[in-house]
Amino acid sequence: MNIEKIYKDANAYLEGHFLLSSGKHSKFYLQSAKVLENPKIAAKLADELAKIIKQADIKAQSVCAPALGGILAGYELARALDLRSIFTERIDGKMALRRGFNVAKGEKFIICEDIITTGGSALESARIITELGGEVTAFAALANRGFCARYNSNKTAKPICKLPNDVPFFALEDFEFEIFEPNECPICKSGSKAIKPGSRGN
Ligand code: ZN
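Read on for a plain summary of the structure. The structure presented is a predicted model; accordingly, all values stated were derived computationally and were not measured. (Residues numbered from 1 in each chain as written. Predicted model: local features only at pLDDT ≥ 70, side-chain atom pairs only at ≥ 80, totals over all residues. Heavy atoms only, no water.)

1. Remarks on the state of the cysteines
Using the criterion set out here, one finds one disulfide in the structure. What pairs with Cys148 in a disulfide is Cys161, and their sulfur atoms sit 2.1 Å apart. Handedness of the Cys148-Cys161 disulfide follows from its S-S torsion of about 105°: it is right-handed. Pair noted here: Cys148 is in the loop between strand E7 (135-144) and strand E8 (169-171) and Cys161 is in the loop between E7 and E8, with a separation of 13 residues, a long-range link. With respect to class, Cys148 is no different from Cys161; both count as buried. (Disulfide = S-S within 2.5 Å. Helix = DSSP H or I, 4+ residues; strand = E, 2+ residues; numbered from the N terminus. Buried < 20%, exposed > 50% of the residue type's maximum accessible area, 1.4 Å probe, protein only.)

Shown next as structure tokens:
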């Protein structure tokens, strides 16, 4: 399955000057919403991800996704694995579990994102699940930005990766492109201003 082609065909592989949710800047951005607007492609990607997770014999009863970006991927993965699907969301900047969603003691979870960059939001979701008595058995994403090491990859995680290294991380593809601290960003230095993806029709 050629994930890069799927993103390019959906005009979801954007080039410009982007402010990422981590606060860092990048020349490229993966707009997964543009891929997932096609439910058939969303199902195909989730089925593929589910296959790898099943082969690794991961035990889980539920999928939890950090909103907003992770919801569609998490929901599709839950469908593909026949699991329950819930999500956490940010309230005043802090990740929270709302809407009557509950976590049973010992309940096993896969934390699912659309894209894992540093894994910060996924880690915040995982903390909520464990605080409520659940257990995180895997992390999953459609694509990995190359800072964390996905399952069965020969690459090692970079220090910037926030995912724990004792829990497997499943993704369909690595997309490695540089990210910059705002004060070191070469695109900023050339005079352009970073935009938040999705804020100006992109
Ligand atoms: Zn910049």
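2. Quick look at the pairing of strand E1 (residues 13-19)
Alignment of E1 against strand E2 (residues 25-30), held across five bridges, turns out to be antiparallel. Bridging from a neighbouring strand, Leu19 pairs with His25 of E2. Connecting E1 to the next strand, E2, in antiparallel fashion are five residues, including Gly23 with a positive phi near 95°. (Pairing = 2+ DSSP bridges.)

3. Some words on the pairing of strand E6 (residues 108-116)
Put simply, side chains in a regular strand alternate between the two faces of the sheet. Buried residues dominate E6, accounting for eight of its nine residues. Pairing of strand E3 (residues 62-66) with E6, which is carried by three bridges, proceeds in the parallel orientation. By the bridge assignment, Val63 is partnered in E6 with Ile110. In this structure, E6 lies alongside E7, joined through eight bridges in parallel fashion. Residue pairing across strands places Ile111 opposite Phe139, the latter belonging to E7. For the crossover from E6 across helix H5 (residues 120-131) to E7, the handedness is right-handed. (Right-handed = clockwise from strand over helix to strand, strands pointing away.)

4. Here's the deal with the coordination of the zinc ion
Around the zinc ion, the protein supplies His17 (NE2), His25 (ND1), Cys185 (SG) and Cys188 (SG) as donor atoms, at distances of 2.0 to 2.4 Å. Around the zinc ion, the four donor atoms sit at angles spanning 93 to 119°, and that spread fits a shape best called tetrahedral. Sequence positions of the donors to the zinc ion reduce to the motif H-x7-H-x159-C-x2-C. Relative accessible area serves as the criterion here: at 26%, Cys188 is assigned to the partly exposed category. (Donors = N, O, S within 2.8 Å, 3.2 Å for Na, K, Ca; no water. Tetrahedral: all angles 85-135°; square planar, octahedral: opposite > 155°, others 65-115°.)

5. Thoughts on the packing of aromatic side chains
The tally for this structure, following the rule as stated, stands at eight aromatic pairs. Aromatic side chains Tyr13 and Phe175 sit 5.7 Å apart centroid to centroid with 65° between the ring planes, which places their arrangement in the edge-to-face category. Taken together, the positions of Tyr13 in strand E1 and Phe175 in the loop between E8 and strand E9 (179-180) put the pair 162 residues apart, joining distant regions of the chain. Residue classification places Tyr13 among the partly exposed residues on the basis of a relative accessible area of 23%. Judged by relative accessible area, Phe175 falls into the buried class, the value being 2%. The interplanar angle of 40° and the centroid separation of 4.6 Å between the aromatic rings of Tyr151 and Phe170 together place this pair among those described as tilted. Residue Tyr151 is located in the loop between E7 and E8, and its partner Phe170 is located in strand E8; the two are separated by 19 residues in the primary sequence. Among the residues examined, Tyr151 registers a relative accessible area of 36% and is labelled partly exposed. You can call Phe170 buried: its relative accessible area is 1%. Among the aromatic residues, those joined into a cluster by ring pairs are Tyr7, Tyr13, Phe28, Phe175 and Phe177. (Phe/Tyr/Trp six-rings, centres within 6.5 Å; stacked < 30°, edge-to-face > 60°.)

6. Things to note about the pattern of salt bridges
Applying the stated criterion to the full structure yields 16 salt bridges. One salt bridge in this structure joins Lys27 and Glu15, with 3.6 Å as the shortest N-O distance. Taken as a pair, Lys27 in strand E2 and Glu15 in strand E1 lie far apart in primary sequence, 12 residues in all. You can call Glu15 exposed: its relative accessible area is 56%. Arg90 is the salt-bridge partner of Glu124, the closest N and O atoms lying 3.0 Å from each other. Of this pair, Glu124 sits in helix H5 while Arg90 sits in strand E4 (residues 84-91), and the two are 34 residues apart along the sequence. In this structure Arg90 comes out as partly exposed when scored by relative accessible area, which is 38%. (Salt bridge = Lys/Arg side-chain N within 4 Å of Asp/Glu carboxyl O.)

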